[in-house]
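A structural walkthrough
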Amino acid sequence: MKKGSPTLIIVIAVVLVAIMSLLPLSKWTGGRVKDFSLISDIVREAAIMQENASGEGSEEIDPALLQAEQENETGETSETRLRSGLNGEIETETADRHIDTIISPVRPSRVGDLVRVEDYTTASTGFANLRAAIGSGKLARIAVVGDSYIEGDIFTQDLRALFQDTYGGEGVGYVNMHTDFPGFRRSVKQSGSGWKTFMANKKAERRYIDIAEQYAVPSGTATSVYEGTKQNSHTASWSRSQFLFISPDDITISVKTDDSEWEERNIAGSPSVQSLEITGQVSRFGIKTSAASLIGLGVWLDGVSGVSVDCMSSRGFSGITLKKVSPELSHEMARFVDYDLIILEFGINAMSAKQKNYSNYCTHMVEVINHIRLCYPQADIMLMGVGDRGQKIGSQVKSMPTGQAMISAQRDAARRAHCLFWDTREAMGGEDAVVQWSSSGLINKDYIHLTHKGGARLARELFNAIQKDLQ
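Residues numbered from 1 in each chain as written. Predicted model: local features only at pLDDT ≥ 70, side-chain atom pairs only at ≥ 80, totals over all residues. Heavy atoms only, no water.

Details of the overall build of the protein
Secondary structure summary: the protein contains 14 helices and 19 strands in total. Burial status across the protein gives 55% buried among its 471 residues. Considering only intrachain contacts with a sequence separation of at least 6, the fraction spanning at least 24 residues in the protein is 78%. Of the roughly 20,300 Å² of accessible surface on the protein, 52% is carried by carbon and sulfur atoms. (Helix = DSSP H or I, 4+ residues; strand = E, 2+ residues; numbered from the N terminus. Buried < 20%, exposed > 50% of the residue type's maximum accessible area, 1.4 Å probe, protein only. Contact = heavy atoms within 4.5 Å. Areas by Shrake-Rupley, 256 points an atom, 1.4 Å probe, with all protein chains shown as cover.)

If you want it as structure tokens, here you go:
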């Protein structure tokens, strides 16, 4: 290979980028330069390509939403109406029976460059529970429950860092029992095998469904190992490791931290939620078990003070399966892991380029919010509107024209359910924001999902909005 050849230059460039991705740039520069990971970006892009394998701009409506619409209707079902938005085959006179979503009066939300959180709570209480938790000196917990928009901890990892920079805190919070994409997340290294995962939209037992909308059972010997990373601030180590589970039978669970050997713990059977907790600063936590009766609810890696932010994403979900969350299970889990703010991020998998009426989806989300309030009565609840979504026509990208109808429905759901609302699309810049975000590398090539860079920018916008109301 000749000196200066393009092949040599490319090889050298790839090697340099790979080396740079291993350096703790954020730590060295005090956060002025963000760490990045070549591998996680490749995995992120591959996952998005897999999700949209049916074609660019694929518009898949959540099957659970379609089923719910069908069950709630007689005659012409909402499933028909939703599918008509995808293929345009419905007759005009049928479609005309359903007017566009009624836009509720909008309270002023933008003050200068800041898009404020809209408060539709009954007594305008805002973030009262979160504020009290932060002021108590104990650990304040935030759960961000959503779809693939936040998958891989994108957006939430930066929201977490901002809260922990300001109020203290450590660790990534919730992590599920198994991931099909090791290396996807930058905030934690997760490995393991031997788990069978059950999701809320599949054949899962409702009594084991919490707001993460999944649980796992061992299939033979199951292991899960979690290791901190230095790519995000406050995620290299943590002082409390919790594994929440249910097992009616006496079982044995092996645990390990850092470089220690596996240590067996004998657990007495109980129909209630139990927590295997390890205290002390660690950067690695692992569990292993072959107990067939065990139901693994998840692992929480955090501390005892500051703020913890959990990322609970479920690809393809529209949010309506949250009505399946067990209040009894939630109340039991709250003895170990309770929430002061629950942020709901959904809508992508309930909209399309042609569907204009989202009033039924609005009704479903009102039911969801009220149900989550029943499960976690001490938590503030905030609904995020969908982000700006692009539609490519020829060589031009524009905002999907039905996006505003979805946002109006979501705002109306927040108003009817008396919770908080944040207009994500407006915070991104409003109409055609996707164009600027795409050209700046803030959104992926599907014109829907955020890049790490875009997630960081949006997280800053939301943190500033929440912080304004906490002060």
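Things to note about the side chain of Thr 223
Inspection of the secondary structure puts Thr 223 in strand E7 (residues 214-228). Those residues in contact with Thr 223, other than ones at most four positions away along the chain, are Ser 191, Gly 192, Ser 193, Trp 195, Ile 287 and Lys 288.

A word on helix H4 (residues 63-72)
Those residues of H4 lying buried are Ala 64, Leu 65, Leu 66, Ala 68 and Glu 69. The N-cap of H4, judged by a side-chain oxygen 3.0 Å from the amide nitrogen of Ala 64 a few residues on, is Asp 62. (Polar contact = N/O pair within 3.5 Å; in protein donor to acceptor, adjacent residues only side chain to side chain.)

Remarks on the pairing of strand E15 (residues 341-345)
With respect to burial, E15 is a largely interior element, five of its five residues being buried. Side-chain alternation along E15 places Leu 341, Ile 343 and Glu 345 on one buried face and Ile 342 and Leu 344 on a second face that is also buried. For strand E4 (residues 139-146) and E15, the ladder comprises five bridges, and the chain directions are parallel. Paired with Ile 142 across the bridge in E15 is Leu 341. Two elements, E15 and strand E16 (residues 380-384), share five bridges in a ladder whose sense is parallel. Across the sheet, the residue bridging to Ile 342 is Ile 381, located in E16. (Pairing = 2+ DSSP bridges.)

Quick look at the packing of aromatic side chains
Enumeration over the complete set of coordinates arrives at eight aromatic pairs. Ring geometry for Phe 198 and Tyr 215: centres 5.1 Å apart, planes at 15°, overall stacked. Linking Phe 198 in strand E6 (residues 188-199) with Tyr 215 in strand E7, this pair joins segments that are 17 residues apart in sequence. Residue Tyr 215 is classed as buried on the basis of its relative accessible area of 4%. Members of the aromatic cluster, joined through ring pairs, are Phe 163, Tyr 167 and Phe 463. (Phe/Tyr/Trp six-rings, centres within 6.5 Å; stacked < 30°, edge-to-face > 60°.)

Some thoughts on the confidence of the model for the protein
Confidence in the prediction of the protein, expressed as mean pLDDT, is 86, and 80% of residues score 70 or more. Below pLDDT 50 for its whole length, residues 29-36 participates in 19 contacts with residues either more than four positions away or in separate chains. Scored below 50 in pLDDT, residues 74-105 shows 52 contacts in the model against residues more than four places distant or in partner chains. (pLDDT = per-residue confidence, 0-100.)

Quick word on the nonpolar core
With 62 residues, the main nonpolar core has Ile 211, Tyr 339, Ile 342 and Leu 344 as its most contacted residues. Sort the elements by how many residues they give to this core and helix H10 (residues 359-375) lands first, with eight residues. Ignoring anything within four residues of it in the chain, the contact list for Tyr 339 reads Arg 141, Ile 142, Ala 143, Ile 211, Trp 300, Asp 310, Met 312, Tyr 376, Gln 378 and Ala 379. (Core = buried A, V, L, I, M, F, W, Y, C linked by side-chain atoms within 4.5 Å.)

A short note on the pattern of salt bridges
One pass over the full model with this rule turns up 17 salt bridges. A salt bridge links Arg 411 to Glu 118; the nearest nitrogen and oxygen atoms lie 2.8 Å apart. One end of the pair, Arg 411, is in helix H11 (residues 403-417); the other, Glu 118, is in strand E3 (residues 118-119), and 293 residues separate them in sequence. What makes Arg 411 buried here is its relative accessible area of 3%. Judged by relative accessible area, Glu 118 falls into the buried class, the value being 2%. The closest approach of N and O atoms between Lys 398 and Asp 432, which form a salt bridge, is 4.0 Å. (Salt bridge = Lys/Arg side-chain N within 4 Å of Asp/Glu carboxyl O.)

Section: the sheet that holds strand E14 (residues 306-313)
Sheet architecture is open: six strands sit in the order E3-E19-E16-E15-E4-E14, paired in mixed fashion. Both outer strands of the open sheet, E3 and E14, are each paired with one neighbouring strand and no more. Packed on one face of the sheet, helix H7 (residues 128-136) meets E4, E14, E15 and E16 and runs near 140° to E4. (Axes fitted to C-alpha atoms, helices over the stretch in contact; angles between N-to-C directions.)

Remarks on the pairing of strand E8 (residues 238-247)
Across the ten residues of E8, ten count as buried, placing the element largely inside the fold. In this sheet, strand E11 (residues 270-282) lies alongside E8 in antiparallel orientation, the contact comprising eight bridges. Bridged to Phe 245 within E11 is Gln 274. In terms of strand pairing, E8 meets strand E13 (residues 295-302) through seven bridges, oriented antiparallel. Bridge pairing links Arg 240 to Asp 302 in E13.

With respect to the packing of H10 against H11
Here H10 crosses H11 at 40°, and the two axes come no closer than 8 Å. Considering their axes alone, H10 and H11 lie oblique with respect to each other. You can see that H10 and H11 cross each other, and the crossing is right-handed. Across from Tyr 361, Cys 362, Thr 363, Met 365, Val 366, Ile 369, Asn 370 and Arg 373 in H10, the residues of H11 making contact are Met 406, Ala 409, Asp 412, Ala 413, Arg 416 and Ala 417. (Parallel < 35°, antiparallel > 145°, perpendicular 65-115°, else oblique. Left-handed = near helix turned anticlockwise from the far one by under 90°.)

Quick word on the packing of H7 against helix H14 (residues 452-470)
Two measures define how a pair of helices packs: the angle their axes make with one another and the distance between the axes. Between H7 and H14, the least distance of the axes is 10 Å, while the angle of their chain directions is 75°. By the angle class used here, H7 and H14 are roughly perpendicular. On the side of H7, the interface is formed by Leu 130, Arg 131 and Ile 134, while H14 contributes Ile 466, Asp 469 and Leu 470. Its residues placed into classes, the contact of H7 with H14 shows four nonpolar, no polar and two charged. (Nonpolar A, V, L, I, M, F, W, Y, C, P; charged D, E, K, R; others polar.)

Brief notes about H14
Compared with an ideal rise of 1.5 Å per residue, which puts 19 residues at 27 Å, H14 spans 26 Å between its outermost C-alpha atoms and is within 8% of the ideal. Listing the buried residues of H14 in full gives His 452, Gly 454, Gly 455, Leu 458, Ala 459, Leu 462, Phe 463, Ala 465, Ile 466, Gln 467, Asp 469 and Leu 470. (Expected span 1.5 Å × (residues − 1).)

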